[in-house]
Amino acid sequence: MKKILLVVFMVFSALTTFGERVKIYSGREVFYFIDTNTLEVTVNKGPHREILSIAQNNLEPTNVLKSNNKISFDRNSKKFSFKVIKDRLDISITATKTDDKITFPQISKGVENFILPLYQGKRIPTKDKKFKNYLIGKGEEIFSERFSMAFFSSEYKYFNAMIVVGNIFNNTYKFTDNEGDIQFNLTHTFPIMESPKTISFSIYILPKDIKEITATYRNLLIKNKDFKTLEEKAQINPNVKKLYGASHFYLWGLGIITAENVKDPKGLYHAFKKDLKIKEDNIAKKIYSGLKNYDEKDEFTKNLKTEVKEYYSHNVNIFIKGINHSLEQKNLLQYPKQFSNSDKILKNKYEFYNRYRKYLNPLDSFGDGVSNYILTELKNNNIDRAWLGDNNDLYAIGNPEVVKRANKMGYLFGVYDSYHTIVKPGAKAWSTVEFNNKNAYDNNTITGRNGEKIKGFQQTGRKLNPSTTIPLIKDRIDKILSNGVEMNSWFLDVDATGEFHNDYTPSRMSTQKDDMNARIKKMNYISKNYNMVLGSETGMGFSSKYISFAHGMTRPLFGWGDKDLRKNKASKYYLGKYYSPTGGVPALFEKEVPLKDIYSYVYFNNKFNLPLYQLVYNDSVITTHHWTMGSLKFKGQRKNNYLMEISYNIPPLYHLDRRVWRRDKKYIVPHAVFFSKWHKILVKLPMTNFEYLSSDNTLQKTEFGKRYSIITNYSTIDKFYNGEKIKKQSLIILDHETGKKEKYSPK
């Protein structure tokens, strides 16, 4: 039979003229048709035919070469090649002109749903008007910054077509309307420094089963040695295992002293004012002189005029914030030459305490988020695993004993760090954009195609070329660790987000691929040279071998340009300021706000959510929410988040100071304890399956290895699975080896 089919194909090939649709036979039941004039790609799987990429403008090709399983031709200054290997179709497009573009594929006709790794994953019905309008409204976006993995899939009536992208760089995508349906369009630009100027794709025709898509992709990664498990990472750094079962907490609050460390606020206030008036030098005068460059000095000075009898909590916060600012100064007092910055800050703290001890709580109780109080509370509430993130290294430098104790208690303690934006020497912005290297602003920054420097975050300063940052990293980390702060984890902002740049600096022309490799080198440098459990923002697939955890995959940052969320303070949707009047958790992170309907629909509706990233990387990278989109941020979403976190095996993420802990621990503790028990088991296994179990997609199943299943009911009514009642907004975990079951309903 095969011989007869081959003869038929050879006769067909011989009769084909330039510009006709050419059939490529795979040797099995799959046939591909390539229209050399329009680039339309069609597939036949058995009796079923679908269009994989729709027809474009009609141009006659040249240099057409054909064989049994391959066709190549030239068209519009580009060379095209289509080759079938078994059932897979490999496509390559090479440009002969610089800065040329190609939009391919363009997918819409016959597609019922798009299966896309937009961050964690989405299943998008092509006829869903609400989703379509949202996607079209976003316009053109950068592929590597939104697609966590290098593939996309189209779900047709009888099969899925998965397209793996061989070159993730210089790609944009956008959604358009095609006669009422959503159309997906990918555009690749061929920049001057790219060599070869090629974009490639591989198309796989798969059964209509989501796990077939992710298993195919995972197997490709393993085959290409682009996959490393957490257990393999733990062989190099055993501290990686401290992530197993760990909830993630960012710790906030004034670094040295907080209002809660003061037992007699009025007494301290009176004594401090009295010391300012006496002739002899003292710590109060040093503190006041240390306010020279303090942004809120005028408010502090005005506050000092308040009568003691009228002194209330508002005044205490102003007073303590100012004192804290000065105690963080490294030139407040006279110090021995050998003192580190941490030694200097500790001396400031001791001098202050010794002068005013009768008004203060014990010294070991000092601190807010970074404090023995928080550590004790976590431990006493059976939270035995946690990643603790310090958003400002001064908190840890001022309380190194807390970091040391956290290590001994089995926690990971890390600092938020960034090498993305740099400001001019002497300019003030925020700590991670200020560097000691005075030449870096001019010499280490990225030049755009137009010859101008690319601006940094929020149009501040410039963006650093990651290939130049190792000396900056060494300088900063060495200085932090030289203070005796025993951190065992590090969090790198931006580097795993898929943000890549071509750098046109004449002395350092480099490609987006060079940019990616420089970021990988940076990650390796920190994790290996400093033995850190490394995390980064988002955790796009290219970074998976080099980091162990990521923030921003599950609930990504959204609504960046929405004024109601970001600027309009009168809006009920306003997320809050990146500021706290008490020095604790800023409102941006702890203020609970409602969701706009569109964001609830697109990002929180389980009709569309898929654990695509977890199906590939569950046992490789631990991911959770963006730090501004934590587990408790949005009203009415706590239970929904908690169910997804267990079902997808994703850690909850919180922000803590003493006040927020006392307010929210009734929600944090039971969930963190339940999560930890199961995450310790499931994180070492691959997620092997995901299924919708109800027509409305609110009853779902995830599977881990061959042993565990989680049946989750996101809906507000009870449902049944295999005779088992799954209560509304609850789940059940099944152990198929022992037959045991455990139910969970979030508080």
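Details of the structure are given in the entry above.
None of the values given here were measured: they were computed from a predicted structure.

Taking 1.5 Å per residue, 16 residues should reach 22 Å; helix α10 (residues 341-356) reaches 23 Å between its end C-alpha atoms and fits that length. Among all positions of α10, only Ser-342, Lys-344, Ile-345, Leu-346, Asn-348, Lys-349, Phe-352, Tyr-353 and Tyr-356 are buried. Contacts from the buried residues of α10 go to α6 (265-277), α7 (283-289), α9 (313-327), α12 (393-398) and α13 (400-408).

Moving on to the sheet that holds strand β33 (residues 730-735). Strand order in the open sheet made by the five strands is β28-β29-β30-β33-β34, with antiparallel pairing throughout. Two strands close off the open sheet at either side, each with one partner strand: β28 (687-692) and β34 (741-744). Neighbouring strand axes in the sheet, compared pairwise and without regard to direction, differ in orientation by 15° on average. Two elements, β28 and strand β29 (residues 699-704), share five bridges in a ladder whose sense is antiparallel. In the strand pairing of β29, Met-687 is matched with Phe-704. Where helix α22 (residues 658-682) meets the sheet, its contacts fall on β29, β30 (708-713), β33 and β34, and the angle it forms with β34 comes to roughly 145°.

What follows is about the packing of helix α21 (residues 638-648) against α22. Contact geometry of α21 with α22 gives a least axis separation of 10 Å together with a crossing angle of 15°. If you check the angle between α21 and α22, you find them roughly parallel. Helix-helix and strand crossings are classified by hand; for α21 and α22 the assignment is right-handed. Between α21 and α22, the contacting residues are Arg-638, Tyr-642, Glu-645 and Ile-646 on the first element and Tyr-667, Ile-668, His-671, Phe-674 and Phe-675 on the second. Its residues assigned to classes, the contact of α21 with α22 comprises six nonpolar, one polar and two charged.

This structure, assessed with the given rule, holds 47 salt bridges. Note that Arg-449 is salt-bridged to Asp-99, the shortest N-O span being 2.9 Å. A residue pair is termed long-range when its members are at least 10 positions apart, and Arg-449 in the loop between α14 (440-443) and β22 (462-463) and Asp-99 in the loop between β8 (88-95) and β9 (100-107) qualify at 350 residues. Of the residues examined, Arg-449 reaches a relative accessible area of 47% and is grouped as partly exposed. As a salt-bridge pair, Glu-112 and Lys-208 come within 3.3 Å of each other at their nearest N and O atoms. Taken together, the positions of Glu-112 in the loop between β9 and β10 (113-116) and Lys-208 in the loop between β17 (198-206) and α4 (210-223) put the pair 96 residues apart, joining distant regions of the chain. On the basis of relative accessible area, Lys-208 is assigned to the partly exposed category, the value being 38%.

With respect to the secondary-structure elements, Trp-560 resides in the loop between β25 (549-551) and α17 (563-566). On the accessibility criterion, Trp-560 (46% relative accessible area) is partly exposed. Ignoring any residue separated from it by four or fewer positions in sequence, one finds Trp-560 in contact with Phe-457, Gln-458 and Arg-566.

With that out of the way, let us pick up the packing of aromatic side chains. As enumerated under the stated definition, the model contains 61 aromatic pairs in all. Pairing Phe-300 with Phe-319 gives two aromatic rings, centres 6.0 Å apart and planes at 20°, and the pair type is stacked. Of this pair, Phe-300 sits in helix α8 (residues 297-303) while Phe-319 sits in helix α9, and the two are 19 residues apart along the sequence. The residues Phe-300 and Phe-319 share a single accessibility class, namely buried. In this structure, Lys-379 packs its charged tip against the face of Tyr-411, placed 5.4 Å from the ring centre. Directly above the ring of Tyr-667 sits Arg-638, whose terminal nitrogen or CZ lies 4.0 Å from the centroid.

In spatial order, the strands read β5-β6-β7-β8-β17-β14-β13-β10-β11; together these nine strands make up an open sheet with antiparallel pairing. The open sheet has two free edges, formed respectively by β5 (62-66) and β11 (122-125), since each of these has just one partner strand. Sheet twist, expressed as the mean angle between neighbouring strand axes with direction ignored, is 15°. With eight bridges connecting them, strand β7 (residues 78-85) and β8 associate as antiparallel partners. Paired with Lys-79 across the strands is Thr-94, a residue of β8. In the packing of α4 onto the sheet, the strands contacted are β10, β13 (151-155), β14 (160-165) and β17, and the crossing angle to β14 comes to about 30°.

The next subject is the pairing of β11. Residues Lys-122 and Ile-124 line one face of β11 and the alternating positions Arg-123 and Pro-125 line the opposite face, and both faces are buried. Sheet analysis places β10 next to β11, joined by four bridges and oriented antiparallel. In the sheet register, Phe-114 faces β11, and the bridge partner there is Ile-124. Between β10 and β11, which follow one another and run antiparallel, lie five residues, and Tyr-119 among them has a positive phi close to 55°.

What counts as what
- Residues numbered from 1 in each chain as written.
- Predicted model: local features only at pLDDT ≥ 70, side-chain atom pairs only at ≥ 80, totals over all residues.
- Heavy atoms only, no water.
- Helix = DSSP H or I, 4+ residues; strand = E, 2+ residues; numbered from the N terminus.
- Expected span 1.5 Å × (residues − 1).
- Buried < 20%, exposed > 50% of the residue type's maximum accessible area, 1.4 Å probe, protein only.
- Contact = heavy atoms within 4.5 Å.
- Pairing = 2+ DSSP bridges.
- Axes fitted to C-alpha atoms, helices over the stretch in contact; angles between N-to-C directions.
- Parallel < 35°, antiparallel > 145°, perpendicular 65-115°, else oblique.
- Left-handed = near helix turned anticlockwise from the far one by under 90°.
- Nonpolar A, V, L, I, M, F, W, Y, C, P; charged D, E, K, R; others polar.
- Salt bridge = Lys/Arg side-chain N within 4 Å of Asp/Glu carboxyl O.
- Phe/Tyr/Trp six-rings, centres within 6.5 Å; stacked < 30°, edge-to-face > 60°.
- Lys NZ or Arg CZ within 6 Å of the ring centre and 35° of its normal.

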